[in-house]
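What the coordinates show
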Amino acid sequence: MVALTFSCTGSTPAMRLYLDTADQTAWAEWMPSGVFYGITTNPLLAARTGLTYHQINWQDMVQIAADAGAQEFHAQVIGNETDALRFAENLYAYGASSNIDCVVKIPLNSWGISLTPKIQGLGGKTLMTACYDAKQMVTANALGADYIAPYFGRMVEAGLDAMTHMRAIHAMSSNGPCRPLIASLRSAQQMVDIAEIGHDCFTIAPAIAQDLFHNELTEAAAQEFERAAKGERK
C-alpha cells in the first residue's frame, strides 16, 4: 500500500488543483465542488471549445472565472512582443477589477524567455509553459517565475523518462521561487504516481476530474449507507 501524506496549514491545503479547459460549461459543472483553486487555458484548449483565441473577450472570461470561484486564472500570451505585452497588461487589469489573480503563461522558448522579464515588469504572476525537460526548471527559477508547467503526458508520449524529470523538477523546486504545476495528465493514476514523489500542484481536464472523483466501491458503499438509513435491507 502506498502512503501519501499531504500537510495542511490553517485552512489552506498544500495540494492545489486547477481545471484545465476553456469550456465555461465545464467551469459551471466542476468549480462548485470547491476542489479547484483556479482555471488554466491556452490556444489549443480554446480551439477545442470552438473559440478563436484572439477574438475572446478576456474581460468576460476573467469575470466568469472569478464568479465560478476561481482564485487564479491562467491564460497564455500569443503574437509578437507588442501583442503579448498588451495581452498581459490587459489580463492583469481584468484580474484586478474582478478580484482574482491572473497568471500569464509564457512558452519556454527563446522568445518567451526573453519576453518574461518585460511581462514581470507589469507586476503580475507568470508561468513558464510547455516544459519537457528538468533543465528548464533551472531557467524558470532563474527568471523568478511563479510557476512552471511540465507537460507530463506529452513527455511520456514523446518517449522521455517523464518520472525521472518529475523527480528532478521536484528536487529543484525547493531551491527557487518557481512552483511546478503539472500539466498534460492522462489519468488520475498519473497524478497519484507524481504526487507520491512530492508534487502537489496539478491542472487537469474535466475527464481527469471525473476519473479522480469516481470510485465504484465508494459509490456502492454510499448507496448502502443510504439504504441502511432508510431501514432497507439488502
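Up top is the structure these notes are about.
Summary of the structure given here. (Residues numbered from 1 in each chain as written. Predicted model: local features only at pLDDT ≥ 70, side-chain atom pairs only at ≥ 80, totals over all residues. Heavy atoms only, no water.)

**A few points about the nonpolar core**
Of all hydrophobic cores here, the largest spans 57 residues; its most connected members are Trp58, Phe73, Leu91 and Phe202. Leave out the neighbours within four places in its chain, and Trp58 touches Thr41, Tyr53, Phe73, Ala75, Phe87, Leu91 and Tyr94. (Core = buried A, V, L, I, M, F, W, Y, C linked by side-chain atoms within 4.5 Å. Buried < 20%, exposed > 50% of the residue type's maximum accessible area, 1.4 Å probe, protein only. Contact = heavy atoms within 4.5 Å.)

**With respect to the side chain of Glu72**
For Glu72, the position within the fold is in strand S5 (residues 72-76). A distance of 2.8 Å separates a polar atom in the side chain of Glu72 from a polar atom in the side chain of Lys125. Setting aside chain neighbours within four positions, we find Glu72 in contact with Arg16, Tyr18, Tyr37, Gly38, Ile39, Ile100, Asp101, Val103, Lys125 and Tyr147. (Helix = DSSP H or I, 4+ residues; strand = E, 2+ residues; numbered from the N terminus. Polar contact = N/O pair within 3.5 Å; in protein donor to acceptor, adjacent residues only side chain to side chain.)

**Remarks on the pattern of salt bridges**
Applying the stated criterion across every chain yields a total of 6 salt bridges. For Asp83, the salt bridge is made with Arg86, and the minimal N-O distance between the two is 3.2 Å. Here Arg86 and Asp83 lie together in helix H4 (residues 81-98), a separation of 3 residues that amounts to about one turn. By relative accessible area, which is 34% here, Asp83 ends up partly exposed. Given the relative accessible area of 44%, Arg86 is considered partly exposed. (Salt bridge = Lys/Arg side-chain N within 4 Å of Asp/Glu carboxyl O.)

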